[in-house]
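Each chain, written out:
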Amino acid sequence: AQSVTQLDSHVSVSEGTPVLLRCNYSSSYSPSLFWYVQHPNKGLQLLLKYTSAATLVKGINGFEAEFKKSETSFHLTKPSAHMSDAAEYFCVVSGISSNTGKLIFGQGTTLQVKP
Amino acid sequence: DAGITQSPRHKVTETGTPVTLRCHQTENHRYMYWYRQDPGHGLRLIHYSYGVKDTDKGEVSDGYSVSRSKTEDFLLTLESATSSQTSVYFCAIRGGLAGVNEQFFGPGTRLTVL
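Residues numbered from 1 in each chain as written. Chains lettered and ligands numbered in written order. Predicted model: local features only at pLDDT ≥ 70, side-chain atom pairs only at ≥ 80, totals over all residues. Heavy atoms only, no water.

**Q** Go over the side chain of Asp-73 of chain B, please, and point to the residues and values.
**A** All names here are of chain B. Along the chain, Asp-73 falls in strand β8 (residues 73-78). We classify Asp-73 as buried; its relative accessible area is 8%. Separated by 3.1 Å, the side chains of Asp-73 and Arg-22 make a polar contact. Among residues more than four places away in sequence, those in contact with Asp-73 are Arg-22, Cys-23, His-24, Ser-67 and Arg-68. (Helix = DSSP H or I, 4+ residues; strand = E, 2+ residues; numbered from the N terminus. Buried < 20%, exposed > 50% of the residue type's maximum accessible area, 1.4 Å probe, protein only. Polar contact = N/O pair within 3.5 Å; in protein donor to acceptor, adjacent residues only side chain to side chain. Contact = heavy atoms within 4.5 Å.)

In structure tokens:
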């Protein structure tokens with residue numbers, strides 16, 4: 001079965017410092033992986049996606065993620081945090097039956113950015 | 001936001017009453033999904049649809065039913081609401097190229113069952 005684990009439920013950084021949100025996945029075949037962001041009381045927005053092309057994926061707002069098959073990881077990074085980055089972040093893997101488009105969500109990581 | 005709207009945006013109801021949530025899309029997407037979001041659980045799939053009158057269960061479908069009589073509307077019904085169904089409900093459509101499963105989400109409906 002496919003699954004995704006976000007290793008930290010809460011991450012706190014200072015503005016201007018790097019961000020690292022960690023995600024490990026389990027999949028029996030080459031997965032599609034996504035990061036979504038949810039600002040307070042808002043819907044979910046797609047940050048970036050990996051679909052077996054380049055292993056380093058660039059997303060919106062300066063975020064990027066690297067697919068590492070040997071480590072089954074898809075960590076999200078940003079060189080310099082901004083106050084507006086404070087939100088909840090979800091790592092997501094596509095389901096076993098890709099025809100249905102089902103997604104499996106991690107539990108989420110709350111990013112706090114301190115001034 | 002991929003032309004997805006949800007109604008109502010907020011609802012408070014009492015245990016045992018029926019509730020219907022509506023998801024409307026304007027871009028003729030085939031696949032539509034209903035999720036619920038609860039703290040510590042991320043989003044969990046309730047039901048999904050792969051075409052008009054074609055639906056299937058997700059991982060947390062007990063107590064929920066869905067209907068899709070036309071492409072643009074996907075309805076989620078709680079036949080007899082319970083307090084455990086207090087949650088935020090999101091509708092999504094599947095977008096992107098064939099074989100890529102990214103989804104785009106509506107703004108959500110906050111449901112409180114007293």
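**Q** Go over the confidence of the model for chain B with me, naming the residues and quoting the values.
**A** Summarising the model, chain B shows a mean pLDDT of 92, and 94% of its residues fall at 70 or more. Here strand β10 (residues 103-105) of chain B is the element of chain B with the lowest mean pLDDT, 92, and β8 of chain B is the one with the highest, 98. (pLDDT = per-residue confidence, 0-100.)

**Q** Could you give me a rundown of the environment of Pro-79 of chain A, with the residues and numbers involved?
**A** Residue and element names in this part refer to chain A. Note on placement: Pro-79 falls in the loop between β9 (73-78) and β10 (87-94). Since its relative accessible area comes to 62%, Pro-79 is described here as exposed. For the pair Pro-79 and Val-19, spaced 60 residues apart in sequence, the C-alpha separation works out to 6.4 Å. Aside from chain neighbours lying at most four places away, what touches Pro-79 is Gly-16, Thr-17, Pro-18 and Gly-62.

**Q** Can you tell me about the confidence of the model for chain A, naming the residues and giving the values?
**A** The share of residues in chain A with pLDDT of 70 or more is 96%, and the mean pLDDT across the chain is 91. Between the elements of chain A, mean pLDDT differs from a low of 90, seen in strand β11 (residues 103-105) of chain A, to a high of 98, seen in strand β3 (residues 19-21) of chain A.

**Q** Let's hear about the nonpolar core: which residues, and what values?
**A** Ranked by internal contacts, the top residues of the largest apolar core, which has 26 residues, are Trp-35, Leu-48, Leu-76 and Tyr-89 of chain A. It is β10 of chain A that contributes the most residues to this core, 4 residues altogether. In terms of nonpolar packing, the next biggest core, distinct from the first, is built from 19 residues, Val-19, Met-32, Trp-34 and Val-60 of chain B among them. (Core = buried A, V, L, I, M, F, W, Y, C linked by side-chain atoms within 4.5 Å.)

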